[in-house]
Amino acid sequence: MAKLQRGEGEGGDLEKLRKGIAESYDESTGAWEELFGEYIHRGFYDTPSAAPGAAPLTAQDHRRAQLRMIDEALAFAGVSDPEKKPKKILDVGCGIGGDTLCLAKKYGAQCIGINLSPVQVKRAQELAQAEGLADKVSFEVADALNQPFPDGQFDLVWSLESGEHMPDKEKFFSEMARVAAPGATIILVTWCHRDLSPDEESLRPDEMKLLNKISDAHLLPAWCSAADYASFAKSLKLEDIRRADWSENVAPFWSAAVQSGMTWRGIISLLKSGWKTIKTALAVSLLIEGYNKKVIKYNIITCRKPK
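Residues numbered from 1 in each chain as written. Predicted model: local features only at pLDDT ≥ 70, side-chain atom pairs only at ≥ 80, totals over all residues. Heavy atoms only, no water.

### A look at the nonpolar core
- Leu74, Ile187 and Trp246 are the most contacted members of the largest nonpolar core, which has 52 residues in total.
- A total of 6 residues in this core trace back to one element, the largest contributor, which is helix 2 (residues 59-77).
- Counting 30 residues, the second largest nonpolar core, distinct from the first, contains Val157, Met176, Cys224 and Phe232. (Core = buried A, V, L, I, M, F, W, Y, C linked by side-chain atoms within 4.5 Å. Buried < 20%, exposed > 50% of the residue type's maximum accessible area, 1.4 Å probe, protein only. Helix = DSSP H or I, 4+ residues; strand = E, 2+ residues; numbered from the N terminus.)

Structure below.
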């Protein structure tokens, strides 16, 4: 696991981090929704690049890929089986509720989304009302490391692209396991650093330097590998632990992010949102560098809580 050199994650630093993440998303939410819709995450694509002569991907293609990401994650975890239909779902780091609402409609389930950003929670509540799902879905401001739920409440615990912000990855994963009911499925889709080889104790200094640059721009306090998450799951005695590297499947989304930001609509949205959002958008180039150098990976980790 790569601990970043800034030393954030304890005491006042932890509270500063929470405040920084909340304020960042409070400020940037309007821009991200304008550019990417209610699904503020990457999409799942068949190939890393279009075949020769193929038409460029459209905005509709990217939206379909974002929805497909949800379906692929559920299928990978085996939740697509009608016999395993979840009735109560928790979305950890729910953004503006796109995934939460999708899961509620797909399964007719009661869903709760938690998030550090009051602005995102308010927007998620508005979208639930507009979709006629206010009786099925609720959202609240809460810390993923100290969730306000009793043990064993949910038969699907879902987190898509929020694990990156967690200063204590093991505590984050253990909280998801704690609130999962016996027999529940846990699905985590997140950026990780690459797995270490058997003869490595840590990432190389140049890799750590790049991760620190990315983290400064995106408020990412620590990194771990997919192998680390699998180890957490094993230590918690979770079952059916599976993981996969989907880095190639999200590759086409990079160009969509860059192109969206370069349109007049994108530029105006970013300028309206303020400097923090602009800084994050500019740092996409660092994420692309990390991806191209295979330092960062887009992983899915799934498991089940014993009955």
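Next, the rest of the story.
### Let's talk about helix 3 (residues 98-107)
- Taking burial as the measure, the 10 residues of helix 3 include 8 buried ones, the bulk of the element.
- Contacts from the buried residues of helix 3 go to helix 2, strand 2 (88-92), strand 3 (110-115), helix 4 (118-130), strand 4 (137-141) and strand 5 (154-160).
- Gly108, located one to two residues past helix 3, shows a positive phi value of around 65°. (Contact = heavy atoms within 4.5 Å.)

### Thoughts on the pairing of strand 6 (residues 180-193)
- The buried fraction of strand 6 amounts to 12 of the 14 residues, a majority that puts the element mostly inside the structure.
- Across 6 bridges, strand 5 lies against strand 6 in parallel orientation. Its bridge partner being in strand 6, Val157 is matched across the sheet by Ile186.
- With helix 5 (residues 169-179) bridging strand 5 and its parallel neighbour strand 6, the resulting β-α-β unit is right-handed.
- Sheet topology places strand 6 next to strand 9 (residues 296-304); 9 bridges connect them, and they run antiparallel. In the strand pairing of strand 9, Thr190 is matched with Asn299. (Pairing = 2+ DSSP bridges. Right-handed = clockwise from strand over helix to strand, strands pointing away.)

### Some thoughts on the packing of aromatic side chains
- Enumeration according to the criterion identifies 6 aromatic pairs in this entry.
- With centroids separated by 4.9 Å and ring planes inclined at 80°, the aromatic side chains of Phe44 and Trp246 adopt a geometry described as edge-to-face. One end of the pair, Phe44, is in the loop between helix 1 (11-36) and helix 2; the other, Trp246, is in the loop between strand 8 (239-245) and helix 8 (247-250), and 202 residues separate them in sequence.
- You can call Phe44 buried: its relative accessible area is 8%.
- Taking the relative accessible area as the measure of exposure, Trp246 reaches 7% and is therefore buried.
- Considering the side-chain rings of Phe173 and Tyr229, the 5.8 Å spacing of their centres and the 50° angle between planes classify their relative orientation as tilted. Within this pair, whereas Phe173 is found in helix 5, its partner Tyr229 is found in helix 7 (residues 226-235), the two being separated by 56 residues in sequence.
- Look at Phe173 and you get buried, because its relative accessible area is 0%.
- By way of ring pairs, the aromatic residues Phe44, Phe76 and Trp246 are connected into one cluster.
- Taking NZ or CZ as reference, Lys88 lies 5.4 Å from the ring centre of Phe154, over its face.
- For Arg242, the ring lying beneath its charged end belongs to Phe76, and the centroid distance is 4.0 Å. (Phe/Tyr/Trp six-rings, centres within 6.5 Å; stacked < 30°, edge-to-face > 60°. Lys NZ or Arg CZ within 6 Å of the ring centre and 35° of its normal.)

### A word on helix 5
- Considered for burial, the residues of helix 5 that qualify are Lys169, Phe172, Phe173, Glu175, Met176, Ala177 and Val179.
- Residues of helix 5 that are buried sit in contact with strand 2, strand 5, strand 6, strand 7 (222-223), helix 7 and strand 9.

### Brief notes about unusual backbone geometry
- With a phi angle near 60°, Glu161 is a residue other than glycine that sits in the positive phi range.
- Take Glu161: it is sitting in the loop between strand 5 and helix 5.
- We classify Glu161 as buried; its relative accessible area is 15%.
- Its identity is not glycine, yet Lys237 carries a phi of approximately 65°, on the positive side.
- Along the chain, Lys237 turns up in the loop between helix 7 and strand 8.
- Given a relative accessible area of 64%, Lys237 falls into the exposed group.

### Quick look at the packing of helix 2 against helix 3
- Relative to each other, helix 2 and helix 3 sit at 60°, their axes nearing to 11 Å. Relative to helix 3, helix 2 is oriented oblique. Helix-helix and strand crossings are classified by hand; for helix 2 and helix 3 the assignment is right-handed. Only Asp99, Cys102, Leu103, Lys106 and Tyr107 of helix 3 make contact with helix 2, whose side of the interface consists of Leu67, Ile70, Asp71 and Leu74.
- Its residues assigned to classes, the contact of helix 2 with helix 3 shows 6 nonpolar, no polar and 3 charged. (Axes fitted to C-alpha atoms, helices over the stretch in contact; angles between N-to-C directions. Parallel < 35°, antiparallel > 145°, perpendicular 65-115°, else oblique. Left-handed = near helix turned anticlockwise from the far one by under 90°. Nonpolar A, V, L, I, M, F, W, Y, C, P; charged D, E, K, R; others polar.)

### So, the side chain of Gln147
- Within the secondary structure, Gln147 is located in the loop between strand 4 and strand 5.
- Not counting chain neighbours up to four residues away, the residues in contact with Gln147 comprise Leu90, Val92, Ile114, Glu175, Met176, Arg178 and Val179.

### Section: the sheet that holds strand 8
- What the 7 strands build is an open sheet, ordered 4-3-2-5-6-9-8; its pairing is mixed. Each of the sheet's edge strands pairs with one partner strand only, and the pair in question is strand 4 and strand 8. Averaged over all neighbouring strand pairs, the angle between strand axes comes to 15°, with direction disregarded.
- As defined by bridge partners, strand 2 adjoins strand 5 across 3 bridges and the pair is classed as parallel. Along strand 5, the bridge assignment pairs Ile89 with Leu156.
- Running over the sheet, helix 2 touches strand 5, strand 6, strand 8 and strand 9 and is turned about 45° from strand 9.

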